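# Coordinate inspection notes
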Amino acid sequence: MFKTVPKRIKEIRFGLISPKEYRKMSVTRVITADTYDDDGFPIEMGLMDPRMGVIDPGLRCKTCGGRAGECPGHFGHVELIAPVIHVGFAKLIRKILRATCRECSALLLDSNQKKKYLEQIRTMRKMGQPIEDITNEVFKEARKPKICMYCGAGQLDIKVEKPSTYVEKMGDHDHKLMPSDIRVRLEKISNEDIEVIGMDPNNARPEWVILTVLPVPPVTMRPSITLESGQRSEDDLTHKLVDIIRINQRFQENREAGAPQLIIEDLWELLQYHVTTFMDNAVSGVPPARHRSGRPLKTLSQRLKGKEGRFRGSLSGKRVNFSARTVISPDPNLSVSEVGVPLSIAMEMTIPVYVTKRNIEQVREYIRRGPDNHPGANYIERSDRRRIKVTDSNCEEMAETVELGWKIDRQLKNGDIVLFNRQPSLHRMSIMAHNVKVLPHKTFRLNPAVCPPYNADFDGDEMNMHVLQTEEARAEAMMLIHVQENILSPRFGGPIIGGIHDHISGMYLLTRGDSRLSKSEILDMLSKTKIEELSEPAGEVDGKPYWTGKQAVSHILPSGLNMAYKAGICEDCDTCKEENCELDAYVLVKDGQLLSGTIEEKAVGAFKGLIVDKIIKDYGSARGLQFINDATMLGIKGIMHYGFSFGISDEDIPNEASIQISELLGEAEDRVMNLILVYNEGNLEPLPGRTVDETLELKIMQELGKARDSTGNIAGKYLGLENAAVVMAVSGARGSMLNLTQMAGCVGQQAVRGERIKRGYEGRTLSNFHTGDLGAAAHGFVKNSYKSGLSPTEYFFHAIGGREGLVDTAVRTSQSGYLQRRLVNALQDLEVQYDGTVRDTRGMVVQFRYGEDGIDPMKSEFSKPQAIKWIIESVTSKEVE
Amino acid sequence: MVGGSNPSEPVFYIFKGMNKVMKGTKSFSLLDHNIVPHHLLLSENEASQVLKKYNIDKEQLPKIKVKEPVILEIGGQVGDIVKIIRTSKTAGEAEFYRLVIE
Ligand SMILES: [Mg+2]
Ligand SMILES: [Zn+2]
Ligand SMILES: [Zn+2]
Ligand SMILES: [Zn+2]
């Protein structure tokens, strides 16, 4: 057996393999389609000839002497009785046939042209540029002459049928070109002409695309498997080779017996079919070769192509051990930093534990529990590195025999640290370290507050979990990628984890105005938090003490916290009345007591979360995590206390409101008609830089936009602040006032590319309207609300607008994905050095000070230079401009 | 770019023959333009201090071509180091260095 020596690749050259080379690289000619003899030994010169490599353990390769696994395999060959076309080159053959003389095989260009093209090709090659454009032009030009300029032979049109049949049109009858005829023509092409069509005559003679010898892939790349019944099951490639060899033999017998031309041609076609499907079983126009079961065979091209193919699936594809994947579902009772792991996964995943004097008793306990008794052990590795599977029957015995220096694979249990990931992993928060909590059922569970960084929802999303295997990895995960270290986003220096949806609605309901809670109520509010002491009540009513909702929040704030800011519900009054704001929009925290203001999205929400941000920056990430946990628990308790539901009847508006809305819309339509009238009279004054037409459009859009907003205001007024949808929109929990407007007021103008809908028939959008109608309804204004229901034309316009939105998102995601890939590839190994410079791996300086200012955006205040402002604010407890 | 082409030499069309055009007219300085950051040639001494400060060789610096209009303007030679002072939104002013190359 020979040992391979590592070599350096200097050059890769692509070309065609000549029949001579096929024979040279072959270790045997294959003449029989049989594989194994009755004793189960491979037959000489058969498809499993041991010279082509071995797959059975124990046998040795007859070429290199290697055992199964050592021998890389060696090619054999089949001598084809008649040449066949290589499907992969069918297109090239067509182009060459059409560009060369049918008699003398000269490329049908005059010598000056040839010289010109050759020169162009050579310069392009030198510059490393593609030559496709030039060769395509060569083929196009050489196709034109009807008579050969060298021998004077008339040229015929060549038709192509299906994948690899070429037919010459001879007057009224067609003459089929057999592969042998084609080969003869290709053989006659001169080396000079070959260069002009962009091929290299030394590496790729055109006739080599017609196969006369078929290489037989080594046995090692088409191993047969022995079924339990002792029956052998051959690889798809072997099946295909059997077909080829059988037909080849039949062909030979028939030809030697002098069979009629018709039979010969049929067999030739069949041989062509088998060779074609051997290369590619998905050629259009060729029925795929199938198994007896009806499953199409996986032949050469199918092994390489596509997502599961060799390139994307095996070479670029990376799969890892100690990982698990399943559907995710929410569990608000988990900590934000925890992940619920199904018991069945926990029992499969293991962590290596080295047996030491200190833990040997613990280890014994794990082993004693065995593999089926949750925190147990699955494997034991002795000091001689032999692995023993722990089973129900041997666990007692193994627990006794375990020694220092051994290693066991312990099952995953509560508190273990694992990595949790959701694709596409676009930023570093897409992989975070969580603590395991083993739970029943089959999904991963996570606190909904960690959904934003993963961009996860529960409509069937799946996520991956990776179990860390070394102490270093676990330590690193704890310190760098643990959830609490990633609450602040390096993108904008604010929290990316925080309350969502119900957390925010709950906090809002709890803290707005002066909500009061009895003792049992506030104790229930705080029961899920880590708070152990209740503050003094705010006062007494009828001899019973009460606490305010703001006090409930004060319990979970760290003592000593000072903050002042305007909440999201602030309406930017001219002079802020601060604590005395009638909207309760001025949040004031003094020494950890919420004195005024309503807690909503801006305080605890993901992406905003001013209080979360402040706590992390002043009290550290662990306190921040605890605050998020407490705040989300409190929020949920809050929303459960007040009760919260939402349905279609929440959009009910009183009759008077509907009348007001329809009046308002009627007036708007009148104004639009008026505008159109003025326009038609030619009296419309164009806006600066706009045509009259544009001005009209703009003014109509403006008018209708205003009308829609007004309907929203009317609807909002009648719905009132108690309405669930209003609560959600105002607090920032979900939805917006626009959504409400569209549900209760008026859906408004549907737009395509920011303009009213204009496409459709000539001069009108739909046949429901008059030609030239410029009115609101004819161009996509939807007067109705989602509640009242859309008219048929409105519905259609709405679908147009909706479709545009879908197309936009689809296009944007693919484009931004590609942009992200390119950026990451360009920047991935740049590193900020200890001296503040940014350098690549060669030590080349890219920036002399990271980001010009040397600031870590994660530690900045929402990416703004606000540190001093914050310090003043926390000392004075007043918002500073 | 699909075929894996080599990036070609940048060409400064606007400034080709600029000197010819400018001859006889009152010349202006590129550096006066408000979006051209300030470029300074460093003396031998200053240059070595910069290299010492960042503990690097000249070659590890970012590069700038001699043919670049600003370098022509300040008369930089191959091997010189230029200091570039840019206005920065977050840092006020940011310093940057480049090695002049051919
Ligand atoms: Mg989803
Ligand atoms: Zn071998
Ligand atoms: Zn000819
Ligand atoms: Zn206010």
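So, here's what we can say about the structure. Values in this document were obtained by computation on a predicted structure and should not be read as measured data.

Residue and element names in this part refer to chain A. Ranked by internal contacts, the top residues of the largest apolar core, which has 77 residues, are Leu412, Met465 and Ile611. For this core, the element with the most residues is helix 21 (residues 621-642), which contributes 6 residues. Residues in contact with Met465, not counting those within four places in the same chain, are Phe322, Ser323, Ala324, Val341, Ile345, Met349, Leu412, Val418, Leu419, Phe420 and Phe444. Counting 36 residues, the second largest nonpolar core, distinct from the first, contains Val30, Ala82, Val216 and Ile244.

This brings us to the pattern of salt bridges. Residue and element names in this part refer to chain A. Applying the stated criterion to the full structure yields 50 salt bridges over all chains. A salt bridge links Glu269 to Lys176; the nearest nitrogen and oxygen atoms lie 2.8 Å apart. One end of the pair, Glu269, is in helix 8 (residues 261-279); the other, Lys176, is in strand 4 (residues 173-177), with 93 residues separating them in the sequence. Judged by relative accessible area, Lys176 falls into the partly exposed class, the value being 29%. Among the salt bridges present, the one from Asp416 reaches Arg410, with a minimum N-O distance of 2.3 Å. The exposure class assigned to Arg410 is buried, which follows from its relative accessible area of 9%. Salt bridges sharing common partners tie together Glu381, Arg385, Arg387, Lys407 and Asp409.

Attention shifts here to the interface of chain B and chain A. Taken together, the contacts link 20 residues of chain B with 17 residues of chain A. Here chain B packs against chain A, burying approximately 1300 Å² in sum over the two surfaces, 54% of which is carbon and sulfur. It is Tyr54(B), Gln60(B) and Thr90(B) that lose the most area in chain B upon contact with chain A, and together they represent 38% of the buried surface on that side. The interface formed by chain B and chain A contains 0 salt bridges. For the pair chain B and chain A, the number of links is 4 residue pairs in polar contact (both at pLDDT 80 or more). Secondary-structure elements contributing two or more residues to the side of chain B that touches chain A are strand 3 (81-88) and strand 4 (92-101) of chain B. Broken down by element, the residue count for the side of chain B that touches chain A peaks at 4 residues, all from strand 4 of chain B. For the side of chain B that touches chain A, a count of residues per class yields 8 nonpolar, 8 polar and 4 charged.

With that settled, the discussion passes to the sheet that holds strand 20 (residues 544-548) of chain A. All names here are of chain A. The strand order 18-20-19 describes an open sheet built from 3 strands, whose pairing is antiparallel. With partners counted over all chains shown, the strands left at the sheet margins are strand 18 (516-517) and strand 19 (539-541), one partner each. Judged from the 3 bridges that link them, strand 19 and strand 20 form a sheet pairing that is antiparallel. Paired with Val541 across the strands is Lys544, a residue of strand 20. On the sheet, helix 18 (residues 549-556) packs against strand 18 and strand 20 and is oriented at approximately 65° with respect to strand 20.

What follows is about the side chain of Ser335(A). All names here are of chain A. On the secondary structure map, Ser335 appears in the loop between strand 8 (323-330) and strand 9 (338-342). By relative accessible area, Ser335 is classed as buried at 15%. Within the structure, the side chain of Ser335 is placed 3.1 Å from the backbone nitrogen of Ser337, a separation counted as a polar contact.

Cut-offs applied
Per chain, residue numbering runs from 1 following the sequence as it is written. Each chain is given a letter, starting from A, and each ligand a number, starting from 1, according to the order in which they appear as written. Local features are withheld for residues below a pLDDT of 70 in this predicted model, meaning they are given only at 70 or higher, and side-chain atom pairs are given and counted only at 80 or more; totals for whole chains, interfaces and linings count all residues. The side-chain figures draw on all heavy atoms in the structure; neither hydrogens nor water molecules are used. Each nonpolar core is a collection of buried residues, namely Ala, Val, Leu, Ile, Met, Phe, Trp, Tyr and Cys, held together in the definition by side-chain atoms within 4.5 Å. Each residue is placed in one exposure class: buried if its accessible area under a 1.4 Å probe, protein chains only, is under 20% of its type's maximum, exposed if it is over 50%, and partly exposed if it falls in between. Numbered from the N terminus, helices here are DSSP runs of H or I no shorter than four residues, and strands are runs of E no shorter than two. It only takes one pair of heavy atoms within 4.5 Å for two residues to be counted as in contact. Each reported salt bridge corresponds to a side-chain nitrogen of Lys or Arg within 4 Å of a carboxyl oxygen of Asp or Glu. Two parts placed together each lose some accessible area under a 1.4 Å probe, and adding up what both lose gives the buried area. Pairing of N or O atoms within 3.5 Å defines a polar contact, subject to two protein rules: one partner must be a possible hydrogen donor and the other a possible acceptor, and residues neighboring in sequence count only if both atoms are side-chain atoms. Gly counts as polar in this scheme, as do all residues outside two lists: the nonpolar Ala, Val, Leu, Ile, Met, Phe, Trp, Tyr, Cys and Pro, and the charged Asp, Glu, Lys and Arg. Any two strands are treated as partners once DSSP identifies two or more bridges connecting them. Axis geometry follows a simple rule: fit a line to the C-alpha atoms, using only the stretch in contact for helices, then measure angles between N-to-C directions, giving values from 0 to 180 degrees.

Purely spatial values, then, with no claim about function.
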